[in-house]
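Chain and residue survey
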Amino acid sequence: MIIGIDVGGTHADGVLLDGDTLVAKHKVSVAQQHLSDVIITLLQHLVPGDRSTLQRIHLSSTLCTNAIVTGALDPVGMLLQAGPGMNPDFFAKSCPTWFLDGAIDHRGQILRDPDPGKIDAAALAMRREGINSIGIVTKFSHRNNRHEQQVAAQLVGRFAHVSLGHRISGLPNFPRRVYSTWLNAALASQFSLFKNALEEGLAHLGITCPCHVLKADGGTIPFSRACEFPCESVHSGPSASVMGCLALAAQTDDAILLDIGGTTTDIALLVDGAPLLEPYGVNVAGRPTLIRALKTTSIGLGGDSRVAWHNGTFRIGPERQGTSMAEGGTAPTPTDAMVVLGKLAVGSQQQAAMAMLALCPKESPEYTATLLLESFVEHIRLAVEAMIEEVFARPVYTVAALLHRRRIQPKRIVAIGGPAAALQSFLGQALFLPCTVPANYEVANAIGAARARLTVQASLYADTGDGRLSIPELSCLETISSRYSMPDAEKRLKGAVSMMVAEMGMKSCPEIDFLERLEMNVVRGFATSGKILTLKAQIRPGLTTI
Amino acid sequence: MSSFMPHALHKTALILFPAFDWCISPNHPEREERLLYTRDQLIEEGLEDVENILFFNPELATFHDINRVHLSVPSAEKLLTESHLISAGGTLRAARAVMEKEAEKAFAIVRPPGHHAMQTVFGDRGFCVINIEAIMVEYIRRHYGVRKIAIVDTDCHHGDGTQDIFYNDPDTLFISLHQDGRTLYPGSGFLHESGGPAAEGYTINLPLPPNTCDEGFDMVMERVVMPILDEFEPELIINSAGQDNHYTDPITNMNFTAQGYARLNRLLNPDICVLEGGYSIEGALPYTNLGIILAMAGMDFSQVREPDYDPSRFTQPPEMTKYIEALCSKALGVFAGRGSRRAEAQQRRIVTNQKNIFYDTTGFHVQERTSYHLCPKCPGYSEIKATGHNRHIHAYTVPFNACRGCQGEAKDMFQKGKPESGTIIALQDRIEDIYETK
Ligand SMILES: [Zn+2]
Ligand SMILES: [Zn+2]
């Protein structure tokens, strides 16, 4: 039996699953409570009796989001080696930053070592400012992590927490690596407090099973790893929703997933049934990061959005003004339209009709309501189209890739959320697609959290000319022979991923995908001097097989 | 995107397409690896997240776009691969970004390059088959009605193809800065090559001595290029941004730096840049391309330096500076005297030039005779006869700025021409935008 818990802004949902069967569900308010208490309360309700049959607890929480919103982040100092390139002064806007000299180039070759004196001076200054959590990032550390390691070694034992850029992601993009590292360092103590409180609570309930955390990429990691990489637990709400949709209505084709709420609608896309990922990562606290995430777009459009009639069209949202008029609110909302059309049974039918009349006094409420909901789904259609175009326009770098780009062609809509059922026929008509609204969608996020499986990714960069191999996610830097080949690289990376999976306590390793294979001859002076091999491996987000 | 990322003062579109699966041959300078390190540097810098810098994929140019500019033998379809259409399509995407105001500026970082491709095309010359800038220029004229365009070619090699295509067009100012043709391929680009009979003074060549440093380039830009541009008042400035003037380039002998390239672009302030040559793929291109992008975008490029950059290493000897000074005055003289012999040429009605074009990649020669049919109202049309590889073409080209009379005359000539085997008879009419052969 697996428990899935989704903590949202106002409520937390929990489900108890036996295989894919929903055994129990429960909802609590999260106002004014410690997150760990909310979770413990849910657990008590979900499994009042014997808790020994629990296999795992999967948790999607707003811990990190709350820490960011309430400013409960640790003060962080960043040590950056920017090398030649764009002026890096802008990083100092994010947090106190010290720049190191030295550089590593695009091939991961060390151009010059950083001056240890400067590192010491920076460390002293950070201590003086009361900084106890630091991030160390060098440009191209995904190609060569030596400088990050050197700096960390020099400062060992001097700070409570140290985050290294290359450990967080093997992807390129220095600013994103810097901000991911900053976020990781900033969440360190909050996460560890949460972990202690939760572990205490679990012990109290006699729960001994492993606890996993849901990530933005729709996968999970064990709590122990999340403690080292708390940044991975951000933005798990949207991924819980996507995984929930998958669990409730599995697809094999391209599809559109909609989570329609009170104030926002979240859109995600499936390609051949698998959720689409961001090319780099999610934006957190205004900063772009390398935290792997599902591609979701949120638009300010929901059942409780305020509606105004302006120049012959409806202006819907993005703000909300309390509830619908049917439920005693003061401004017309899409919910009122749904009530008028008999698609939703909440509040007063009469008040809802008043809302429609307030918008268009000369038209019948039914007519206005229909027009309003058509306009509502038209906004969604446009957002979906823009998203598909954006994905199609992602940069490619080979002739083959350019010529064989495929545009996503959705075959179905899966919609969840309060207004989803009421909008089902409107969505189907506007997008010319069948629209499914699965049962139990009100606990989709918790189900999604419960059913998500472990995800892992790792990247490999090998330069046979220099005889060097880097797998940043493992801090691995090895010597290789000049005959090192792509099959060797695949084997090495597969081994690395299997090892990570085993370390996370999983007995069997799901299928590993290889991505972005690139093999390039290095030619110097009209002769081949070596090869550059790059490769990524991942366990893609998916559902646990039952 | 956020206040935590820098933002570009000028909205700049990048069409970055390194074509990792295409080469002329595996060990050729124009091979898969050429833009690998540039791509890696630009991505690691985080340019994709800089506010106001946009990345676009190239589109594919059509054969129609190619035939608007080139006379291909036996045909564009037979000579070109998809890679060429993508490289040209990259420049068209750049043009569209600027002309449709998706961005203020655009840089097509694409390969293969194009500035050695002349109007007639029999194969690959100097790594180029089709002239991607020229295709872009005529595309812009066709679709956006732009007339006066300046092309400043800062590749180390003389842009002989671009010069050839616009040689008799007074609405295209072509300025080429390059290593002296006596010391480098293609061996042309001297001051006296100053334009056809209707466009004399609108081709300006600046053959610089080997080992010219930043100082020399700065001087030429300040004393010649900028004043001439100010006077010509182009509607659009294009930089053929070859990067083989760099001090580490393996096939040239100049001493230009990434800082120099960035400064040049800040001064030139081009609307569109198109990558041309540049074969120091590891030590120069990542830095020169980044420098050019930051300069175009109006961002700080002061920290873009090659790993082995040492400003004291390159100081220009005073004699060289004097030589370049003298070159600057002569070049200004060429532009000042523009159009002075036009009336005299017009009296002759037809002016004919002969040339021998060498195709270095496979090694064959093309004999070409161009007759400019001059007109008092317009630059006139040209008649081109070229022979190479036992194939012949006899073509009539009506430029976009020709008058109705010249257009009709060229059409008549084409219609009168008798088809014969082994000879393509062609009409390239840029007013009607048609390309016909028989
Ligand atoms: Zn060149
Ligand atoms: Zn005329």
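You'll find the structure just up there.
Okay, so let's go over this structure. (Residues numbered from 1 in each chain as written. Chains lettered and ligands numbered in written order. Predicted model: local features only at pLDDT ≥ 70, side-chain atom pairs only at ≥ 80, totals over all residues. Heavy atoms only, no water.)

All names here are of chain B. With distances of 2.2 to 2.3 Å, the protein atoms coordinating the zinc ion (ligand 2) are Cys375 (SG), Cys378 (SG), Cys403 (SG) and Cys406 (SG). Read in sequence order, the donor residues coordinating the zinc ion (ligand 2) give the pattern C-x2-C-x24-C-x2-C. Residue cysteine 375 is found in the loop between strand E12 (364-373) and strand E13 (381-388), and its partner cysteine 403 is found in the loop between strand E14 (391-398) and helix H12 (404-416); the two are separated by 28 residues along the sequence. (Donors = N, O, S within 2.8 Å, 3.2 Å for Na, K, Ca; no water. Helix = DSSP H or I, 4+ residues; strand = E, 2+ residues; numbered from the N terminus.)

Once that is clear, we can look at the packing of helix H12 (residues 365-392) of chain A against helix H14 (residues 420-431) of chain A. All names here are of chain A. The geometry of H12 relative to H14 is characterised by a closest axis approach of 9 Å and an angle of 55° between their N-to-C directions. With respect to each other, H12 and H14 are oriented oblique. Considering how the two elements wind past one another, H12 and H14 form a crossing that is right-handed. Contacts between H12 and H14 involve Thr370, Leu373, Glu374, Phe376, Val377, Ile380, Arg381 and Val384 from the former and Leu423, Phe426, Leu427, Ala430 and Leu431 from the latter. When grouped by side-chain class, the residues that make up the contact of H12 with H14 number 10 nonpolar, one polar and two charged. (Axes fitted to C-alpha atoms, helices over the stretch in contact; angles between N-to-C directions. Parallel < 35°, antiparallel > 145°, perpendicular 65-115°, else oblique. Left-handed = near helix turned anticlockwise from the far one by under 90°. Contact = heavy atoms within 4.5 Å. Nonpolar A, V, L, I, M, F, W, Y, C, P; charged D, E, K, R; others polar.)

A word on the pairing of strand E23 (residues 456-463) of chain A. Residue and element names in this part refer to chain A. Of all the eight residues making up E23, seven are buried; the element is thus mostly covered by neighbouring parts of the structure. Strand direction decides the pairing type here: E23 and strand E27 (residues 527-539), joined by eight bridges, are antiparallel. Across the sheet, the residue bridging to valine 456 is isoleucine 539, located in E27. As judged from the three bridges shared by E23 and strand E24 (residues 468-471), these two strands associate in the antiparallel manner. Within the sheet, the bridge partner assigned to alanine 462 lies in E24 and is leucine 469. Linking two consecutive strands that pair antiparallel, namely E23 and E24, is a turn of four residues; a positive phi of about 65° is found at glycine 467 within it. (Buried < 20%, exposed > 50% of the residue type's maximum accessible area, 1.4 Å probe, protein only. Pairing = 2+ DSSP bridges.)

Once that is clear, we can look at the interface of chain B and chain A. Each side of the interface is counted separately: chain B has 51 residues, and chain A has 54 residues. Carbon and sulfur atoms make up 58% of the surface buried where chain B meets chain A, a total of about 4,200 Å² over both sides. When the buried area of chain B at its contact with chain A is split by residue, B:Phe4, B:Glu44 and B:Asn57 rank highest and sum to 19% of it. The tally of links between chain B and chain A comes to seven salt bridges. Its salt-bridge partner being B:Glu45, residue A:Lys139 comes within 2.8 Å of it at the nearest N-O pair. If you look at where chain B meets chain A, you find 28 residue pairs in polar contact (both at pLDDT 80 or more). Going through the elements one at a time, strand E1 (7-17), helix H1 (36-45), helix H4 (82-99) and helix H9 (285-297) of chain B are the ones with two or more residues in the side of chain B that touches chain A. A total of eight residues in the side of chain B that touches chain A trace back to one element, the largest contributor, which is H1(B). Counted by class, the side of chain B that touches chain A contains 29 nonpolar, eight polar and 14 charged residues. (Buried area = accessible area lost by both parts, 1.4 Å probe. Salt bridge = Lys/Arg side-chain N within 4 Å of Asp/Glu carboxyl O. Polar contact = N/O pair within 3.5 Å; in protein donor to acceptor, adjacent residues only side chain to side chain.)

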